[in-house]
Amino acid sequence: MSTGSSPACSMATGTEQQKKPNGPIILDQLYSSLSSPKLNDEISEQLADIVGYDDIELVFKILEQRQSLVQQIEAFRRGGPSASNQLDDFSASSARQRIENTLRENAARPLFTGVAQPEAEILPHVYTSSSMVHGNVLSHLGTKYLLPVGTERTTYEEYEEVVIPPAKAVPPRTSERLIPISELDALGKGSYPGYTTLNRIQSIVYPTAYGSNENLLICAPTGAGKTDVAMMAILRVLDQHRTNTGDLNISSTINRDSFKIIYVAPMKALASEIVRKLSKRLKWLAIQVKELTGDMQLTKAEIAQTQIIVTTPEKWDVVTRKPTGEGELSSLLKLLIIDEVHLLNEERGAVIETIVARTLRQVESSQSVIRIVGLSATLPNYIDVAEFLSVSRHTGLFYFDSSFRPVPLEQHFLGIKGKPGSVQSRKNLDHVTFQMVSKLVAEGHQVMVFVHSRKETVKTALGIKEMATLEGNIDDFSSEDHPQFQFFRRDIGQSRNKEMKQLFDSGFGIHHAGMLRTDRNMMERMFEARAIKVLCCTATLAWGVNLPAHAVVIKGTQVYDSSKGAFVDLSVLDVLQVFGRAGRPGLETSGEGYICTTEDKLTHYLDAVTSQVRLNICMIDALNAEVSLGTVANTRDAVQWLGYTYLFVRMKKNPFLYGILRDSTTDDPHLGSKRQELVTLAARQLADTRMMLFDRESGAFTITDLGRIAAKYYIQYKSIEIFNKEFRPKMSEADVLAMLSMSTEFAQVQVRDSEQEELKMLEEIVPCDVKGGSDTSQGKVNILLQGYISRQQVVDFALVSDMAYVAQNGGRIIRALLEIAISRKWADVTTVLMGMSKAIELRVWPFDQPLKQFSSLKADVIYALEKWADEWTPADLATLDAEELGKLIHLNAIHGKALLAAVKQFPTVRINYVLRPLGSDVLKISVRISKVFTWNIAMHGSSQPFWLWVEDHEGLNILQLYHLLFRQSTDSTDVDFVISIPNGIPPPSVTIRFVSDRWMGAEDEVEVPLDSLTMPPSSSSHTPVLDLPFLTSTSLRNPTLEAVFSDRLHNFNAIQTHVFWGLLNTNSHSLLCAPTGSGKTMMVEALVWSTALRPQDAFILVVAPQRSAAAEIAAQLRIGSALADVPVDIAKENPFTFSKKKKRRIVVCPVEVLFKALCQRNPRVALTGVNLVVCENLEQLDAKYELAVSLLRHATQTTATRFVGISNSLNDPGDLAAWLNVDPFALHSFRPRDRGQSLTHHVQTFNTPQSASLFKAMAKPTHAAVMGGDSTLVFVASRAQCRSVAMDLITQCALEMETETGYLPPGISEEYLEEYRIRFQDRSLFDFVSKGIGFYHEGMRREDRNLVLELYAEGIVRVIIVPHDSCWTVPVRASVVVVMGTQYLHVEEGGTERQLRDYELVQLVRMQGRAVRHAGSGVFHLFCQVEAKDTLLRFINEGLPLESRLLETEDLALWYRDQTERGNLQTRQDMVDVLSFTFLSQRISTNPVYYDCKSGSRDENLSRIVDSLAEAPQHEPEGAQ
């Protein structure tokens, strides 16, 4: 460009002048674009076409000066003065003149500017012989790296050859020395057996690898000993997890349960090799090394016992997406080794990128130390990869160029001429391969020729042999002069492989995985002994066996990939591995590697071995996986997460390639806006696919079931789009297969003409119709999947690969479809998908004979069974003996015995159920599943999973579903289903369905008829809240009473005003049901004191369900005790009696004490002198509470004792009121929504089973909830979880708030806290208190509990974590209450088996009540399992169900037995009389079905209960199940 010229001028005179000599035409095109009214973005593409994409930056300059350019061009056209200044003409002479002017100007410039330029950064651990480290020397587009110095390129008739010479050796530095093994510690010495010193690379890396926790990236050539560097990092972890380092027995000092090491190997074959190597080396330390790949699964127990797990990138990605089971591995992870990191440039790079980004996020989010060690071949852009792996370039980055190979390698890249795939190209390839091989053999070298199919090994060997015969140099290949030739020839004569024998005499060998192991070993032995000159083999030899040769030749680079259904380029990993076999260490000083590819792929492989191709992470699916895991909750998190990816490193390095303008990087160096743009785009697409909810205003992400399932099963979002369109509630097997075949996972499967005949034959055999036929990709997938299930054999090599690929992915996708159907509650298609899922897994169709699954049954038994007894179910067959079975199938008793053993082991269950209506429109179905098969550990393993659900009478909708386990020790499992009965009118029936998750045909169903079901009537007992003026405290009209409440009460609230007259100014029995925080306790106090202060003496009894509640009530009443001069006592067990002395007395009595006192009395003797009985917390009515109050009512039936019941809001209080003999006007029942305080509910559901991972997943939303209030109570399942939940919360707080003080309010000094630290009995509690978190439970000392409450009151402790069973005793409220899960593990006394149980509804209501405050609003967060949500919300919002539990325990039976023995109950009628005073007697007529009563008559039902008590006193009473 000439000096001072404008962009238009520069453009017109520069590049375009060469491309388009007609300059004025370009100006016209420019002018029409620039002068148009379109926006810059709209014309930029037109300009790029005019200018050319090589000068894209010129386009940006033109757009910046758009207006002035239009004016200049107009002036030029008019011939104005500015034209002559700005634009020259476009003739050749003018152009030449301008170029000369520019050259003169450049020649006149000084050689040095005098301004110092910044020096290139010198990294301490980069070892290279090249004067210019081309670590990041890129072309302008960022896609090409410089080829090594000395590279030669030559063109021949048949091919083009590029030769890269071996790198020069890097001289040792003065500080370098080889480290002798004798200098290592005991751990190191034992782990390097047979070594005398570490090699040069290992010695350089050792101080960092073993002496620090630095992340590492080791770039070194294949065979340089990188695995030993990984071993150093492993030993570092072992050393850090030793208890007594002075112990001579090192093995016993390692704490094996405190860490996990993950070694990510790129291939399954390599994973097995790594397992073998590491196991051998670490055997002396008793370290377990196991493989976890698609082929090798591990049980939970095996994972727990294993310290080092070798896996593949894909498997580790899947594992870390799961929050439980294998996924819990990641929480113990201390070291992540990623082998072959240079895979980042291949398709699988996105997976490596995902797992590294996830690990780096985990390091930050859990504040744990996870060391990352990357091992790689010599990467050119190692600095970028180091940045991506969070490796310090000054301490953890080690780069060794190819001169560090054990044997220097000369690399030959040959581009074969001819159209790819044509006959000429193949002919040229064969001839060039022969030329190279014969040249090397003539020089006396051995050669390995690598080909890509088993057939090709023989074909290539025969081809070279024939060409050598024609050329007359066949003798060069012969090894007849080998001293052991005759010995080897005799050996080979014993083989049955004809080709092997035929080729050996000419000096050729073959090797592939399809050969017998003995033949392969023989070939390896002969090649090693140099009895074979040329070995034609597949890549498995390079991976599995260390068999070096002087030269390796890769013949062709097209490999069939079943996942693509097409031929693809040989992976760089394979090329490097094969090249790694060139040169024999210790025997030769050099090696040669030849790769013969097509001309068009030559640059690809040159780049691949020396370069890094651009990578773009699969953003949408990766983002979905992170949102599903809970690590990304909004756009802010997502932008942060994207910052951990290799994509981000490359975008920063080369923004131009990613469509980012150069100028924008100066304003936004961290590319925040670009990342925001990418994230928002991905989030929108996920939201459109219904995989997550995306709030565009707040940027919040909420995963949906669809997104969670896609992440769990690795389903691409494009497949989910297809399922959204195709999935229906009713589908046949054929429909399911057709939909499955449309998945984008199979989009690459191609249809080839050569396969059509075989596919059509298969199509005729398979049982389901194939939509689209065999000539479409979907039809092919469908046929292959059906063929796989039907165990059909295919012949075509590519079809074999395709079938394996389709089956492997089909099983995974169909499992995902099953979970989608379950999430949508579609019963019909769920059953079909369960069958199809097992069909792919077991290769048995749902209509096949289920006993085919027993490999112990011979084919003739199965055949006879299908012919003679196909209609018989395994359960039916189990009713016969061996002889009868033999006769049934027309065979003998021996066959019958084998069949009987199988049917006895076939998973069969017995389903029993009872119906328990919980209200007029809610039905509980209590189901018991009993195991009725013989457990065989070999057949059934440690557990058998199964599905159990209730579906509607039409079989369309699942009403509720559970996934359960049978263990060997399990006899039966109890499950409660709670279903809605709309309008109280039951449907004709529902169906309980049992389906085994593993066994085809192991299914059962029971129809539950509901047409004759009697539901309890709907309640009309609720009281509307009237809009009354609030009463003041003067309404009490008693100066003493007013004084008692003077500090606490000014006005009564709406509910208190409503019930005031009925409670305080009448003597009627009353019942008050109202939500927590309505002032019920205050009204009880007012009632107690107004009764106690009457002129006559009074004995008042307040009954509380627990001792803690009794203490709380007594403490409240004692506030007025001195003023009223009336003592308030808490009843103790021994001295408590019903005093007959006439004096004023208030006794607060726990139920347990009251029950014991009443058991000592004769129920037929009247109890006098009790004026008022207040029954607190009647929603907690259990058997003892009910029996105690019933006996009290029975004993006071002839006296004027007043009963007042107090309860939380109930769904139907009518029968409770009837039990206490309450008149309708004295029944005050308010719904939960009638509370006067503001209480907000938030419910979040989780699918993760009860585990540590569930609590980790809940930590983030819990932290968010804590930040929404000034004080928080967090309820957890057990005391053991308090500390781990606290740690998770502190971590979340540190992450999001970037503070180390946790939830502590600002301004709290360490000196101030120190005063409290001294007061703690358990000093470890202070570690949490100093972060603003406290605990409260009975396992703590009372002093510590009180101190936590004191700190909470002062605002120092902001969060109290409480186990669920301490909800009754925690005496404080909070602005935020979080219930982290609604299940806990229960162990029976003396038992070992743990049962998962649900919290009781009354506990949840109690927890909810802790968020109700008289001053200020409250927020209640409920985290629960998906299936529990509807039931819990219904009862929390509508009021609790209340049923009698008198028949559920032994209390009634024991009391009856005791009273009968004492002679207090002489006839059964006496017992019926007592029972008529129970709550049970009311409910038994209103809700008879709940108590298994067929009659609606109360007396008849009570008589039946008494009969059962009388007739079987030693057993549990009926209904106690």
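Draft legend 1. Seen up close, the overall build of the protein. Scanning the protein from terminus to terminus reveals 63 helices and 42 strands. By residue count, 55% of the 1521 residues in the protein fall in the buried class. Counting contacts in the protein only where the partners sit at least 6 residues apart, residues at least 24 apart contribute 72% of the total. Accessible surface, the protein as shown: approximately 66700 Å² in total, 51% of it carbon and sulfur.

Draft legend 2. Spotlight on the pairing of strand β26 (residues 989-996). Across the 8 residues of β26, 8 count as buried, placing the element largely inside the fold. Of the two faces of β26, the one holding S989, T991, R993 and V995 and the one holding V990, I992, F994 and S996 are both buried throughout. With 7 bridges connecting them, β26 and strand β27 (residues 1003-1009) associate as antiparallel partners. Note on β27: the bridge partner recorded for F994 is D1004. Here β26 folds back onto β27, and the loop between the two strands holds 6 residues, one of which, G1001, carries a positive phi near 85°.

Draft legend 3. Inspection of the confidence of the model for the protein at higher detail. On average, residues of the protein score 83 in pLDDT, and 89% of them are at 70 or above. The secondary structure element of the protein with the lowest average pLDDT is helix α2 (residues 15-19), at 39, and the one with the highest is strand β38 (residues 1359-1363), at 95. Segment residues 1-21: pLDDT under 50, and 42 contacts once partners within four positions in sequence are set aside and those in other chains are kept. Within the model, pLDDT remains below 50 along residues 1515-1521, and this stretch shows 14 contacts once partners closer than five positions in the same chain are excluded.

Draft legend 4. Just the pattern of salt bridges, in detail. Taken as a whole and assessed by the stated rule, the structure comprises 45 salt bridges. Between R153 and E160 there is a salt bridge, with its nearest N and O atoms 2.9 Å apart. Of the residues examined, R153 reaches a relative accessible area of 46% and is grouped as partly exposed. For E160, a relative accessible area of 15% translates into the label buried.

Draft legend 5. View of the packing of helix α22 (residues 485-493) against helix α24 (residues 517-528). Running from N to C, α22 and α24 point in directions that differ by 170°, and their axes come no closer than 11 Å. Taken together, the axes of α22 and α24 are roughly antiparallel relative to one another. For the pair α22 and α24, contact is made by F488, D491 and I492 and by M522, M523, R525 and M526, respectively. By residue class, the composition of the contact of α22 with α24 is 5 nonpolar, no polar and 2 charged.

Draft legend 6. Examining helix α57 (residues 1342-1354) more closely. The end-to-end C-alpha distance of α57 is 18 Å, a good match for the 18 Å that 13 residues give at a rise of 1.5 Å each. Within α57 the residues assigned to the buried category are D1344, R1345, L1347, V1348, L1349, L1351 and Y1352. For α57, the secondary structure elements touched by its buried residues are β36 (1272-1276), α55 (1310-1319), α56 (1324-1329), β37 (1333-1335) and β38. The first or second residue beyond α57 is G1355, which carries a positive phi of 85°.

Draft legend 7. Structural view of helix α60 (residues 1451-1462). Between its first and last C-alpha, α60 extends 17 Å over 12 residues, near the 16 Å set by a 1.5 Å rise per residue. By the burial criterion, the buried members of α60 are D1451, L1452, A1453, W1455, Y1456 and Q1459. Residues of α60 that are buried make contact with α50 (1151-1159), α51 (1183-1195), α61 (1468-1475) and α63 (1498-1511). Note on α60: the residue one or two positions beyond its end, G1463, has a positive phi of about 85°.

Draft legend 8. A look at the packing of aromatic side chains. One pass over the full model with this rule turns up 28 aromatic pairs. Members of the aromatic cluster, joined through ring pairs, are Y127, F400 and F404. Positioned above the aromatic ring of Y127, the side-chain terminus of R173 is 3.9 Å from the ring centre. For R916, the ring lying beneath its charged end belongs to Y1490, and the centroid distance is 5.4 Å.

Draft legend 9. Representation of the environment of L292 in the model. Assignment of secondary structure puts L292 in strand β6 (residues 289-292). Linking L292 and V310, residues 18 residues apart in sequence, is a C-alpha distance of 6.0 Å.

Draft legend 10. Quick peek at the nonpolar core. Ranked by internal contacts, the top residues of the largest apolar core, which has 132 residues, are I1333, I1360 and I1361. Per-element accounting of this core gives the leading share, 8 residues, to α51. Core analysis: the next-biggest nonpolar cluster, separate from the first, contains 115 residues, V126, L333, I338 and M651 among them.

Draft legend 11. Summary view of unusual backbone geometry. One non-glycine residue, E340, adopts positive backbone phi at about 55°. Secondary-structure assignment places E340 in the loop between β8 (333-338) and α17 (349-366). A relative accessible area of 11% means that E340 is categorised as buried. Residue N1177 is not a glycine yet carries a positive backbone phi of 50°. Tracing the backbone through its elements, the reader meets N1177 in the loop between β32 (1172-1175) and α51.

Draft legend 12. Highlighting the sheet that holds strand β34 (residues 1227-1229). Read from one edge to the other, the open sheet built from 7 strands follows the order β30-β31-β29-β32-β33-β28-β34, with strand pairing classed as parallel. The open sheet has two edge strands, β30 (1128-1130) and β34, and neither has a second partner. Along the sheet, successive strands turn relative to each other by an average axial angle of 15°, direction set aside. Note: strand β29 (residues 1099-1104) against β32, 4 bridges, orientation parallel. Note on β32: the bridge partner recorded for L1101 is V1173. Sitting on the sheet, α50 is in contact with β29 and β31 (1145-1150), with an inclination near 100° to β31.

Draft legend 13. Representation of the side chain of T597 within the structure. Within the secondary structure layout, T597 lies in strand β18 (residues 591-598). With residues near it in sequence (within four places) discarded, T597 still touches L414, G415, I416, T557, L602 and Y605.

Draft legend 14. Local environment of the sheet that holds strand β22 (residues 922-931). Spatially, the 3 strands line up as an open sheet ordered β21-β22-β25, and their pairing is antiparallel. Each of the sheet's edge strands pairs with one partner strand only, and the pair in question is β21 (909-919) and β25 (972-980). The average undirected angle you get between the axes of adjacent strands in this sheet is 20°. Where β22 meets β25, 9 bridges bridge the pair, whose relative direction is antiparallel. Residue pairing in the sheet places S930 in a bridge with S972 of β25.

Draft legend 15. Structural view of the environment of T1023. By secondary structure assignment, the location of T1023 is in the loop between β27 and α45 (1039-1045). In this structure T1023 comes out as buried when scored by relative accessible area, which is 13%. C-alpha of T1023 to C-alpha of H1228: the two residues are 205 residues apart in sequence and 5.9 Å apart in space. Setting aside residues up to four positions removed in sequence, T1023 forms contacts with H1058, L1227, H1228, S1229, F1230 and D1234.

Draft legend 16. Examining a negative patch on the surface more closely. On the surface, a cluster of negative charge is made up of D475, D476, E480 and D481. Inspection of the secondary structure assignment puts D476 in helix α21 (residues 474-477). What makes D476 partly exposed here is its relative accessible area of 33%.

Draft legend 17. Spotlight on the state of the cysteines. The final tally for this structure, using the stated rule, is 0 disulfides. C536 carries a free sulfur, and the closest cysteine sulfur to it, the one in C537, is 7.3 Å from it.

Draft legend 18. Quick look at the environment of P945. As for its position among the elements, P945 is in strand β23 (residues 943-952). The exposure class assigned to P945 is buried, which follows from its relative accessible area of 9%. The sequence separation of P945 and S996 amounts to 51 residues, and the corresponding C-alpha distance is 6.5 Å. Once residues within four sequence positions are removed from consideration, P945 is found in contact with H963, L964, L965, S996, D997 and R998.

Draft legend 19. Here's a closer look at the pairing of strand β13 (residues 508-511). Of the two faces of β13, the one holding F508 and I510 and the one holding G509 and H511 are both buried throughout. Here β13 runs beside strand β14 (residues 534-537); their pairing, made up of 4 bridges, is parallel. The residue of β14 that forms the bridge with I510 is C536. What joins β13 to β14 is α24, and the crossover it makes is right-handed.

Draft legend 20. Quick look at the packing of helix α37 (residues 777-789) against helix α38 (residues 797-823). Interhelical geometry of α37 versus α38 gives an angle of 80° and a closest axis separation of 9 Å. In terms of axis orientation, α37 runs roughly perpendicular to α38. Mapping the contact onto sequence places K780, V781, L784, L785, G787 and Y788 in α37 and L799, D802, M803, V806 and A807 in α38. For the contact of α37 with α38, the residue count by class is 8 nonpolar, 1 polar and 2 charged.

Conventions used here
Residues numbered from 1 in each chain as written. Predicted model: local features only at pLDDT ≥ 70, side-chain atom pairs only at ≥ 80, totals over all residues. Heavy atoms only, no water. Helix = DSSP H or I, 4+ residues; strand = E, 2+ residues; numbered from the N terminus. Buried < 20%, exposed > 50% of the residue type's maximum accessible area, 1.4 Å probe, protein only. Contact = heavy atoms within 4.5 Å. Areas by Shrake-Rupley, 256 points an atom, 1.4 Å probe, with all protein chains shown as cover. Pairing = 2+ DSSP bridges. pLDDT = per-residue confidence, 0-100. Salt bridge = Lys/Arg side-chain N within 4 Å of Asp/Glu carboxyl O. Axes fitted to C-alpha atoms, helices over the stretch in contact; angles between N-to-C directions. Parallel < 35°, antiparallel > 145°, perpendicular 65-115°, else oblique. Nonpolar A, V, L, I, M, F, W, Y, C, P; charged D, E, K, R; others polar. Expected span 1.5 Å × (residues − 1). Phe/Tyr/Trp six-rings, centres within 6.5 Å; stacked < 30°, edge-to-face > 60°. Lys NZ or Arg CZ within 6 Å of the ring centre and 35° of its normal. Core = buried A, V, L, I, M, F, W, Y, C linked by side-chain atoms within 4.5 Å. Patch = residues over 30% accessible without salt bridge, like charges linked within 9 Å, V, L, I, M, F, W, Y side chains within 5 Å. Lys, Arg positive; Asp, Glu negative; His and termini not counted. Charge placed at Lys NZ, Arg CZ, Asp CG, Glu CD. Disulfide = S-S within 2.5 Å. Right-handed = clockwise from strand over helix to strand, strands pointing away.

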